[in-house]
Amino acid sequence: MSEFIKILLSLSVSGALLLLLILGLKPLYKNKFSKRWQYYIWIVVALRFLLPFTPDTTIVGSLFEKFDTAAITNEIPTSPNVPVPADTGNSKAEPTQTNREITTAAMREPFNKYVCLFFIWSALALVLFVRKVTVYQGFIQYIKAGNKEVSDIKILNLLSDCEEKLNIKTRVELSCNPLIASPMLIGFFRPRIILPVGELEDKELSYIFVHELTHSKQRDMFYKWLIQIIVCVHWFNPFVYLLEKEVNKSCELSCDEKVLSVLDDKAKREYGDTLISFLKSSNLYKSSLASVTLTEGAEQLKERLGAIMKFRKKSKVVIAITAIFTVAVCVCFFVTGAYAAPSANSKEKNLMPDAVPNVENNKGYTYVQRGFYSDSYIIEMGWNLSDTISKEYTNSKEITLEDNSVIKVYFDENTVDYLNDSNAISAIGKLLYSLNNRDMQNYPTIETPLITNVTYVSENNLSILADEYFQNSSLTEFSAIFPVLDIELQKEYCQKIYDDNKIAFFSSIIPYMDRDLVMLYADKSDQDQKVNFFSVILGYVQSDDLNQYAEKYYEANNISYFTILVNYMTKEERQEWLKRAQTDKKTNFVAVLSE
């Protein structure tokens, strides 16, 4: 649902940008390019509002991807399954870590927000579309009530001659109606020309028929309803109403130009007089949705008459420039683009912004990548590659650790230069030895490591670098040097990260908090109802503390928070709670614990 909303908004932004571009250039082409071109160029804008097809990299697509990444980084908790970095000398108690997934309850709030937006959008779009269809049907019924078939052979022959001149094969019906004051064309598949009641000269009739038949030949009713669909879909975007206005105006100018292309100067003046004659009285019923009328307003008529007087056939140079401009507009169509919903693989990647794609090896472990600090180097490393993936990396080095064991380390193309850097290799060796000799709890031994980035940093500038990384949202670098910062500075960052709701940063530093600090933020997030923080912290809460929270929510019948806790319980603990819930006949708790 959230992806649909993002695609819709990106199409709306993309279409508006293309619309503004063409309107901004209008003074350059208004009196030079053909009116027909100025009419049909809006189809490109219309399609930009509707079609989500887009190249891989576009302006609007990139913009929404940045918003998407920012939202993921700031709202979605990263997995607490983070290996502990190299020993930094801090004498902190190692927190209990568990291998849990983010609960669906933690994600429920943003999901509901998008669902709410979807239903608001769809409800208003449907209401607007139904209203337009109702107006159309009402107008058709109104016209049919006063219609009278034209039986004058002379007029019918004149209509037939006009159809033959325009090479129109579809038969067009002709009727008159006292309820209208201006000729019009109605109907999609069975077009009908409606004439007002009154005496009309043959020349006037000829101009009317050619004008309305041109509308029918151009399928202008279909074009106008395409725009109406866009208005319904993007009802929240004020620019679609501007698009509607421009299309309606260009429609008549394009039709006039087509008629004028076969008239001499005298006939052009007569055609203009015909337009003026039907403006003197107002239509009793107007609906631009249901018909294409000969005249629609004095302001538009003034522009049409001006175009009639200035009409000239376009030179080959102008036609060539028009073609170039058309290609440029089409290029802009693709360049503006739209947001493309990420695939399942890319979504998984985005959940861990500092990790390469997760790959499971034959041991069932998941390959993850983190940043660590060791001997003045920030080392970004992943490990436990599968045999298939490791074969893709040709650069490797066997490093001897402090216990004289040897481990083969792979280097990607970004870190090849460090293969022969003795200081960097020494720092990597110390890091690997430290990680493999810690109590890793549920974490696997470091095997088949891959070095993806190495950065030298001065030990004297760590606090300054920490601030810089924090301000620039450089999560990997910040989490790497966080453990070596002064304890008081660490606490300051903890508070700031919590206050700023930077859940990804919080997830990366929580492994370095002692039990008291973990419980402090567990209580705070519980009181502040920050579900995303609370769900991450639970992965580092000890069993006794976890049971206290479970007891609290059980007694308070707080099923939503209890559901989060269930994901952190052992199988035996869940069985005990299930028996208790069954005894107490708390069916909602039984349902959760039975899943």
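To keep things clear, this report deals only with the structure shown in the data block.

Rules used in this analysis
Residues numbered from 1 in each chain as written. Predicted model: local features only at pLDDT ≥ 70, side-chain atom pairs only at ≥ 80, totals over all residues. Heavy atoms only, no water. Phe/Tyr/Trp six-rings, centres within 6.5 Å; stacked < 30°, edge-to-face > 60°. Lys NZ or Arg CZ within 6 Å of the ring centre and 35° of its normal. Helix = DSSP H or I, 4+ residues; strand = E, 2+ residues; numbered from the N terminus. Patch = residues over 30% accessible without salt bridge, like charges linked within 9 Å, V, L, I, M, F, W, Y side chains within 5 Å. Areas by Shrake-Rupley, 256 points an atom, 1.4 Å probe, with all protein chains shown as cover. Salt bridge = Lys/Arg side-chain N within 4 Å of Asp/Glu carboxyl O. Core = buried A, V, L, I, M, F, W, Y, C linked by side-chain atoms within 4.5 Å. Buried < 20%, exposed > 50% of the residue type's maximum accessible area, 1.4 Å probe, protein only. Contact = heavy atoms within 4.5 Å. Pairing = 2+ DSSP bridges.

Evaluation of the coordinates by the stated rule reveals 42 aromatic pairs. With a centroid separation of 5.8 Å and 45° between ring planes, the pair formed by Phe478 and Phe482 is classed as tilted. Taken together, the ring pairs in this structure connect Phe470, Phe478, Phe482, Tyr493, Phe505 and Tyr512 into an aromatic cluster. The ring of Phe333 carries the charged tip of Arg48 above its face, separated from the ring centre by 4.3 Å.

This part takes up unusual backbone geometry. Positive phi, normally seen in glycine, also occurs at Asn167, with a value near 55°. Here Asn167 lies in the loop between helix H7 (153-165) and strand S2 (173-177). The phi torsion at Arg219 lies on the positive side, around 55°, for a residue other than glycine. Mapped onto the fold, Arg219 is located in the loop between helix H8 (202-217) and helix H9 (220-233).

Here the focus is a nonpolar patch on the surface. Judged by side-chain polarity, Leu126, Phe129, Val130 and Ile229 come together as a nonpolar surface patch covering roughly 340 Å² of accessible area. It is helix H6 (residues 108-146) that provides the largest number of residues to the nonpolar patch, a total of three residues.

By size, the foremost hydrophobic cluster in this structure holds 57 residues, and its most contacted members are Phe478, Met513 and Phe562. Look past the residues within four positions of Phe562 in its chain and what remains in contact with it is Ala550, Tyr553, Tyr554, Met569, Trp577, Phe589 and Leu593. One finds Ile22, Tyr39, Trp42 and Phe333 within the second-largest nonpolar core, a separate group that totals 27 residues.

On to the pairing of strand S9 (residues 406-411), then. As defined by bridge partners, strand S8 (residues 395-400) adjoins S9 across six bridges and the pair is classed as antiparallel. Bridge pairing in S9 places Ser396 opposite Tyr410. Counted between consecutive antiparallel strands, the loop separating S8 from S9 contains five residues, among which Asn404 sits at a positive phi close to 70°. Where S9 lies against strand S10 (residues 450-456), two bridges are found, and the strand directions are parallel. In the sheet register, Tyr410 faces S10, and the bridge partner there is Leu450.

The next point concerns the pairing of S10. Two strands pair when backbone bridges link them, and strand S7 (residues 377-382) and S10 are joined in this way by six bridges, in the antiparallel orientation. Residue pairing in the sheet places Tyr377 in a bridge with Tyr456 of S10.

Once that is clear, we can look at the pattern of salt bridges. For side chains of opposite charge, pairing can occur when their charged atoms come near one another. Scanning the model with the defined rule gives eleven salt bridges in all. The partner of Lys430 in a salt bridge is Asp375, and the shortest N-O contact between them spans 2.8 Å. Within this pair, whereas Lys430 is found in helix H16 (residues 422-436), its partner Asp375 is found in the loop between strand S6 (369-374) and S7, the two being separated by 55 residues in sequence. Among the residues examined, Asp375 registers a relative accessible area of 37% and is labelled partly exposed. One salt bridge in this structure joins Asp545 and Arg515, with 2.9 Å as the shortest N-O distance. Separated by 30 residues along the polypeptide, Asp545 in helix H23 (residues 543-555) and Arg515 in helix H21 (residues 515-527) bring together distant segments of the chain. Each of Lys26, Glu246 and Lys249 takes part in a single network of salt bridges with overlapping partners.

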